[in-house]
Amino acid sequence: MGFDCLLLVPPVCRLLVTRLRNSYYFRVMPIDPSKLVIVNYPHPVLREKAKPIGKITEEVVAVAIRMLQLMHEAPGVGLAAPQVGLSWRMFVANPTGEAEDDRVFINPTLSDPSRSVEDYEEGCLSLPDIRAIIRRPKAMTVTATDLDGKEFTLTSDELPARVWQHEFDHLEGVLILDRMSLADKVANKRKIKELEEA
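Residues numbered from 1 in each chain as written. Predicted model: local features only at pLDDT ≥ 70, side-chain atom pairs only at ≥ 80, totals over all residues. Heavy atoms only, no water.

Once that is clear, we can look at the packing of aromatic side chains. Counted according to the given criterion, the structure contains three aromatic pairs. Considering the side-chain rings of phenylalanine 91 and phenylalanine 105, the 4.6 Å spacing of their centres and the 20° angle between planes classify their relative orientation as stacked. With phenylalanine 91 in strand S2 (residues 90-93) and phenylalanine 105 in strand S3 (residues 103-111), this pair connects stretches of sequence that are 14 residues apart. You can call phenylalanine 91 buried: its relative accessible area is 0%. On the numbers, 6.4 Å between centres and 50° between planes, the contact of phenylalanine 105 with tryptophan 164 is tilted. Placement of the pair is phenylalanine 105 in strand S3 and tryptophan 164 in helix H3 (residues 159-171), with a sequence separation of 59 residues. Lying over the aromatic face of phenylalanine 152, arginine 103 brings its terminal NZ or CZ to 4.8 Å of the ring centre. (Phe/Tyr/Trp six-rings, centres within 6.5 Å; stacked < 30°, edge-to-face > 60°. Helix = DSSP H or I, 4+ residues; strand = E, 2+ residues; numbered from the N terminus. Buried < 20%, exposed > 50% of the residue type's maximum accessible area, 1.4 Å probe, protein only. Lys NZ or Arg CZ within 6 Å of the ring centre and 35° of its normal.)

See below:
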């Protein structure tokens, strides 16, 4: 019997059920990580500014692990929480594809962008089959918290810098659709329309 039906049971049983529901042993995660999937544009969460994560709970850890799994299965080099339907300021990344390079970035911030910029083709797991040349600073520094609650800082002027910027965009509700050139928008017009009408 679901707990939305408590009024249908005798008062004593209702009290026992209420205590059970509030007990340590009955606590369940409100999010089932195994059911998370990558959502496609134009899912509304992709346009939201994600909210900071206040505490690194078992739920956050489980979601991060699931995100890494989805990223590798796709396959991709990064995945942000909004891409699995969660408006959280967290992303995962692995530019090399090697298991030891999996990283989780919680409440990340970007700083010290280089003056030099670089054009590079990007795709997005939430925009399947859509690719575009995106201009970004060549170098970037990211500061974030890991799953152990420790803050770390990384700097790169190679692919990781681009991945961090791309995933950080997702936390701001920004997609490569917003950064691509008019020519790329025209070239991808049919695919974008198919996603919007799906």
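Sheet strands pair via backbone hydrogen bonds, and the direction of the pair is either parallel or antiparallel. If you walk across this open sheet you meet the five strands as S1-S2-S3-S6-S7, and the pairing is antiparallel. Bordering the open sheet on either side are strand S1 (78-80) and strand S7 (151-156), each of which pairs with just one other strand. Strand-to-strand twist in this sheet, taken as the mean axis angle between neighbours without regard to direction, amounts to 35°. As judged from the three bridges shared by S1 and S2, these two strands associate in the antiparallel manner. Bridging across to S2, glycine 78 finds its partner in alanine 93. Its contacts with the sheet place helix H2 (residues 58-73) against S1, S2 and S3, and it is angled at close to 40° to S2. (Pairing = 2+ DSSP bridges. Axes fitted to C-alpha atoms, helices over the stretch in contact; angles between N-to-C directions. Contact = heavy atoms within 4.5 Å.)

Residues Val63, Met67, Leu86, Trp88 and Met90 are the most contacted members of the largest nonpolar core, which totals 19 residues. Taken together, the elements giving at least two residues each to this core come down to H2, S2 and S3. No other element matches H2, which puts seven residues into this core. Setting aside residues up to four positions removed in sequence, methionine 90 forms contacts with Ile53, Val60, Val63, Ala64, Met67, Ala80, Ala81, Val104, Phe105, Ile106 and Leu171. The next biggest cluster of nonpolar side chains, apart from the first, holds 15 residues, and it includes Val39, Tyr41, Ile130 and Leu175. (Core = buried A, V, L, I, M, F, W, Y, C linked by side-chain atoms within 4.5 Å.)

Below, the discussion takes up the pairing of S7. Sheet topology note: the strand S6 (residues 140-145)/S7 ladder contains six bridges and is antiparallel. If you follow threonine 141 over to S7, its bridge partner there is threonine 155. Following S6, the chain reverses through five residues before pairing antiparallel with S7; glycine 149 in that reversal takes a positive phi of roughly 85°.

Once that is clear, we can look at the confidence of the model for the protein. Summary statistics for the protein give a mean pLDDT of 89 and a share of 85% for residues scoring 70 or more. With pLDDT under 50 throughout, residues 1-28 is counted as low confidence; its partners more than four residues away or in other chains account for 13 contacts. (pLDDT = per-residue confidence, 0-100.)

Moving on: the pattern of salt bridges. Applying the stated criterion to the full structure yields 11 salt bridges. In this structure, arginine 131 and glutamate 121 form a salt bridge, with 3.0 Å as the shortest nitrogen-oxygen distance. On the criterion of sequence distance, the pair formed by arginine 131 in the loop between strand S4 (117-122) and strand S5 (132-137) and glutamate 121 in strand S4 is long-range, its members being 10 residues apart. When salt bridges with common partners are traced through the structure, they connect Glu122, Arg136, Arg162, Asp169 and Arg179 into a single cluster. (Salt bridge = Lys/Arg side-chain N within 4 Å of Asp/Glu carboxyl O.)

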